[in-house]
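Notes for the structure review
In case you want the letters, here they are:
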Amino acid sequence: MLFNTFPFIFGFLPIVIIGYFYLNNKKLIKGAKLWLIFSSLFFYSWWNIVYLPLILSSVFFNFYTSNKIQKVNKNTFLTKKLWFLIGLIFNVGLLLYFKYMDFFIENINYLNTFQLKLLHLALPLGISFYTLQQIAYLVDSYEGLVKEKEFLDYTLFVTFFPQLIAGPIVHYKEVMPQFASLKNKKYDSNNFALGLFVFALGLFKKIVIADTFSIWVHKGFDVDYSLPFLDAWVTSLSYTFQLYFDFSGYTDMAIGAALLLNIKLPQNFNSPLKATGMIDYWKRWHITLTNFITFYIYTPIIRSFNKLTFNKAMLTTIVAFLISGMWHGAGWTFIFWGFLHGSGVVINHYWHKWRKKKRNLPIWVAWLITFLFLNFANVFFRANSFNRAIDILKSMFNYNDLVVSDHLIRRFRDTDIFTKYIDIKGVAHSFIDLEPILMVIFGFILILSFKNSTQLSKILSQKDKIPLLWHIWTILMLGISYAVMSFQTTTEFLYFNF
């Protein structure tokens, strides 16, 4: 089930909220938990019920394994470390099989004369996220940071529907104490109003902004001819904006939906496209993934060195980002994207080390360098192949091929704007018109001038009562989004593919 659909907004979500608070009001605490669990599993099964046994098996196995890790006796054959390794192998094995098996087979076939048959496995929805979340729980169990004995609580922790499909990736200690709080079991009008505002903002980002940018992303990436100069730039910028507004929109909707139930999920975005360096960017983008990579991949590797040096730390950074790239998708373009980001972070670290006693770059220069780097790297993230990515990047530097659409030329046929000031021709295969140009400008204004959802939430949470103006903004965003949804085909969130 998608957040950006009428059945979810007007059917599933209100029924779940009413049922949850009704059961808690009747002191049926366990019943309220079961209600949320069954609702979350229904939410997950709406996409494809075939994969329901997979997520249930994963939950059962990880709960059993974590309990063994927490209770294991020193005299038993299977030690604490061995149980942890069993759990780790199981979770990594799930990802390797469902997400990467066809990728491995394709590469084996490329290197050999004999051909193995592809499995054509469909990626189970949310497997990348709920697997990482459970790996983190196993590590925390191994280190003695969590001790959960209740199967219902653990199941709710994994399957809670707002964050089940695409995060934020949460830790047990972040959310489960909130479910136990008596205060949170009662309806809170301020939390509800704030949650609805954040949800509406996320819906608006997805429906009105991200899906609009997707039009030119499709026109630029999913064709088999070289793009003109301006088309290539609009294509790459549109995808950079689409990716941000789509994923941050999903996260806002997840955080908002959870807050309607008095649960606060962790922040996942902090205006990443305002970043003035790659280190800064990864402190702002997909924050919960950054934390996972730092604590569960980067730090263990660092600890394994007998003598840590700066160069070893930087090499580990590259390795961590290569893993991050592969986590995002089973393809060499994703791995190369991870390498680019890792290299960007490493260069950023060396730059900081070198310029300690030197003058900093002007903020606008640092921002521009970072944004352009991100925009170039995103071409590999979106392109279906290296050839297509390189073709688009070449077009972005081919300023001699300066053309716009015939339609735009006709709009200005009574002026000499294109012939007097700059030599631009009109061609049929260009999609450069007023709409994409204005939308890209609008995208820059949005990312650079406006507060993000977390900043707005902090402003509202400090007030005793949500002001009327904010309710009006909520209604306007919902109204515009619903109007667009009524005549637009429903689209999945981009990170559902990862």
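The structure we're discussing is the one just above.
Structure report, in brief. (Residues numbered from 1 in each chain as written. Predicted model: local features only at pLDDT ≥ 70, side-chain atom pairs only at ≥ 80, totals over all residues. Heavy atoms only, no water.)

Turning to the packing of helix α10 (residues 229–259) against helix α15 (residues 363–382), a few remarks are in order. The N-to-C vectors of α10 and α15 enclose an angle of 90°; their axes lie 9 Å apart at closest approach. Classified by the angle their axes make, α10 and α15 are roughly perpendicular. Here W233, S236, L237, Y239, T240, F241 and L243 of α10 lie close against α15, whose contacting residues are F371, L372, N375, F376, N378, V379, F381 and R382. Considering only residue class, the contact of α10 with α15 consists of 10 nonpolar, 4 polar and 1 charged. (Axes fitted to C-alpha atoms, helices over the stretch in contact; angles between N-to-C directions. Helix = DSSP H or I, 4+ residues; strand = E, 2+ residues; numbered from the N terminus. Parallel < 35°, antiparallel > 145°, perpendicular 65-115°, else oblique. Contact = heavy atoms within 4.5 Å. Nonpolar A, V, L, I, M, F, W, Y, C, P; charged D, E, K, R; others polar.)

Looking now at the packing of helix α1 (residues 6–25) against helix α21 (residues 468–487). For any two helices packed against each other, the geometry comes down to the angle between their axes and how far apart the axes lie. In contact at an axis separation of 10 Å, α1 and α21 are set at 120° when each is read in the N-to-C sense. Taken as axis vectors, α1 and α21 run oblique relative to one another. Along the contact surface, α1 presents F6, I9 and F10, while α21 presents Y482, M485 and S486.

A few words now on the layout of surface pockets. Here the largest pocket is characterised by a volume of approximately 780 Å³. For the lining of the largest pocket, the elements supplying multiple residues, two or more each, are α4 (80–111), α5 (127–142), α12 (287–303) and α13 (310–328). Among the elements that make up the lining of the largest pocket, the one with the highest residue count is α12 (9 residues). In terms of residue class, the lining of the largest pocket is built from 21 nonpolar, 2 polar and 3 charged. (1 Å grid on protein atoms, 1.4 Å probe; cavity = no way out; pocket = protein on both sides within 12 Å on 5 of 7 lines; lining within 4 Å. Points joined across faces, edges and corners; volume = space filled by probe spheres on them.)

Take the environment of E174 next. Tracing the sequence through the fold places E174 in helix α8 (residues 172–180). Given a relative accessible area of 34%, E174 falls into the partly exposed group. In this structure, the C-alpha to C-alpha distance between E174 and N398, residues 224 residues apart in sequence, is 50 Å. Look past the residues within four positions of E174 in its chain and what remains in contact with it is I169 and P266. (Buried < 20%, exposed > 50% of the residue type's maximum accessible area, 1.4 Å probe, protein only.)

Side chains that differ in sign of charge can pair as their charged atoms come close. Taken as a whole and judged by the stated rule, the model has 7 salt bridges. The shortest N-O distance in the salt bridge between K33 and D153 comes to 2.6 Å. With a gap of 120 residues between them, K33 in helix α2 (residues 29–45) and D153 in helix α6 (residues 151–159) connect regions that are remote in the sequence. By relative accessible area, D153 is classed as buried at 13%. Because the salt bridges share partners, they merge into one network encompassing K206, D211 and D246. (Salt bridge = Lys/Arg side-chain N within 4 Å of Asp/Glu carboxyl O.)

Membership of the largest hydrophobic core comes to 148 residues, with the highest contact counts inside it found for F8 and Y495. Ranked by residues supplied to this core, first place goes to α10 with 18 residues. Setting aside residues no more than four positions away along its own chain, Y495 makes contact with F129, A166, L243, D246, F247, W285, H286, W327, H328 and F381. Of all hydrophobic cores here, the second largest spans 5 residues; its members include A313, M314, I318 and V346. (Core = buried A, V, L, I, M, F, W, Y, C linked by side-chain atoms within 4.5 Å.)

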